Amino acid sequence: MQDEVLYRESFPILGNDYEHGGEVATKVKSILKELGISSTIIRRLSIANFEAEMNLVMYADEGRLEFTVGPREIEVIVADRGKGIPDIEQAMQEGYSTATAEMRARGFGAGMGLPNIKRNADRFDITSTPGIGTTLRYAVSLTMPAASETQ
Ligand SMILES: Nc1ncnc2c1ncn2[C@@H]1O[C@H](COP(=O)(O)OP(=O)(O)O)[C@@H](O)[C@H]1O
Ligand SMILES: [Mg+2]
């Protein structure tokens, strides 16, 4: 839970909009830079945001990415209206992908997006209702060092 909001912004994302796909992640990255957030945190969030944004472009109709900077963490919520995910456990498996031949031709479909979001976040939650849509909630802590930096 965010106890205090230092900065919050929300961006719309359109399904099938490959032309602009990735722009929200890029915009958020430059805002975080301006806010003086550390490069390690920006890198982890940007990987997660790009994967979440492209999943929305590829697999959903429309939605939003909202990020909130609090004193303790940066939280991101990516919520879409779309077909949803029937089996989340399966979707979370490394290498699992329902990407079409066209998506694979664009370089997507490695099935590493959701696992990468989880790996780069300090907390991660996904809920989905088939026929309704999907919501990802993840956050990177501003107060504890990343696991890779502790040794
Ligand atoms: N927002 C979403 N809406 C519907 N299905 C999704 C969404 N995000 C992911 N999925 C499903 O989960 C699968 C795994 O996603 P991901 O790990 O990012 O791999 P990839 O994008 O390479 O297919 C996708 O192939 C798709 O079936
Ligand atoms: Mg993906």
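Structural data are supplied above this passage.
Below or above, wherever it landed, is the structure these notes cover. (Residues numbered from 1 in each chain as written. Chains lettered and ligands numbered in written order. Predicted model: local features only at pLDDT ≥ 70, side-chain atom pairs only at ≥ 80, totals over all residues. Heavy atoms only, no water.)

**Quick look at the pattern of salt bridges**
Taken as a whole and judged by the stated rule, the model has 8 salt bridges. A salt bridge links R81 to E62, with the nearest nitrogen and oxygen atoms 2.8 Å apart. With a gap of 19 residues between them, R81 in strand 3 (residues 73-82) and E62 in strand 2 (residues 60-69) connect regions that are remote in the sequence. What makes R81 partly exposed here is its relative accessible area of 45%. In this structure E62 comes out as partly exposed when scored by relative accessible area, which is 32%. (Salt bridge = Lys/Arg side-chain N within 4 Å of Asp/Glu carboxyl O. Helix = DSSP H or I, 4+ residues; strand = E, 2+ residues; numbered from the N terminus. Buried < 20%, exposed > 50% of the residue type's maximum accessible area, 1.4 Å probe, protein only.)

**Notes on the pairing of strand 4 (residues 123-129)**
Side chains F124, I126 and S128 project from strand 4 onto a buried face, and the interleaved R123, D125, T127 and T129 project onto a face without burial. Note: strand 4 against strand 5 (residues 133-141), 7 bridges, orientation antiparallel. Bridging across to strand 5, T127 finds its partner in T135. Where strand 4 hands over to strand 5, the hairpin turn is made up of 3 residues, of which G131 adopts a positive phi near 85°. (Pairing = 2+ DSSP bridges.)

**Focus on the sheet that holds strand 3**
Read across the sheet, 5 strands follow the order 1-2-3-5-4 without closing on themselves; strand pairing throughout is antiparallel. Of all strands in the sheet, those with a lone pairing partner are strand 1 (7-14) and strand 4, marking the two edges. Each strand axis lies, on average, 10° off the axis of its neighbour in the sheet, ignoring direction. Examined bridge by bridge, strand 1 and strand 2 share 8 bridges and lie antiparallel to one another. Within strand 2, the residue paired with L14 across the bridge is E62. The sheet contacts of helix 1 (residues 23-34) involve strand 1, strand 2 and strand 3, and relative to strand 1 the element is tilted by about 165°. (Axes fitted to C-alpha atoms, helices over the stretch in contact; angles between N-to-C directions. Contact = heavy atoms within 4.5 Å.)

**What to know about the layout of surface pockets**
Approximately 630 Å³ is the volume found for the largest pocket. Along its surface, the largest pocket is lined by 31 residues, and N55, Y59, I85, T98 and L114 are the ones closest to its centre. For the lining of the largest pocket, the elements supplying multiple residues, two or more each, are helix 2 (39-59), strand 3, helix 3 (88-91), helix 5 (113-120) and strand 5. A per-element tally of the lining of the largest pocket places helix 2 first, with 7 residues. A breakdown of the residues in the lining of the largest pocket according to their chemical character gives 17 nonpolar, 10 polar and 4 charged. Within this model, the second largest pocket holds a volume of roughly 150 Å³. Lining of the second largest pocket is provided by F11, P12, I13, L14, D17, H20, G21, E23, V24, K27, E53 and V57. Where the lining of the second largest pocket is concerned, the elements lending two or more residues are strand 1, helix 1 and helix 2. Taken together, the residues that form the lining of the second largest pocket break down as 6 nonpolar, 2 polar and 4 charged. (1 Å grid on protein atoms, 1.4 Å probe; cavity = no way out; pocket = protein on both sides within 12 Å on 5 of 7 lines; lining within 4 Å. Points joined across faces, edges and corners; volume = space filled by probe spheres on them. Nonpolar A, V, L, I, M, F, W, Y, C, P; charged D, E, K, R; others polar.)

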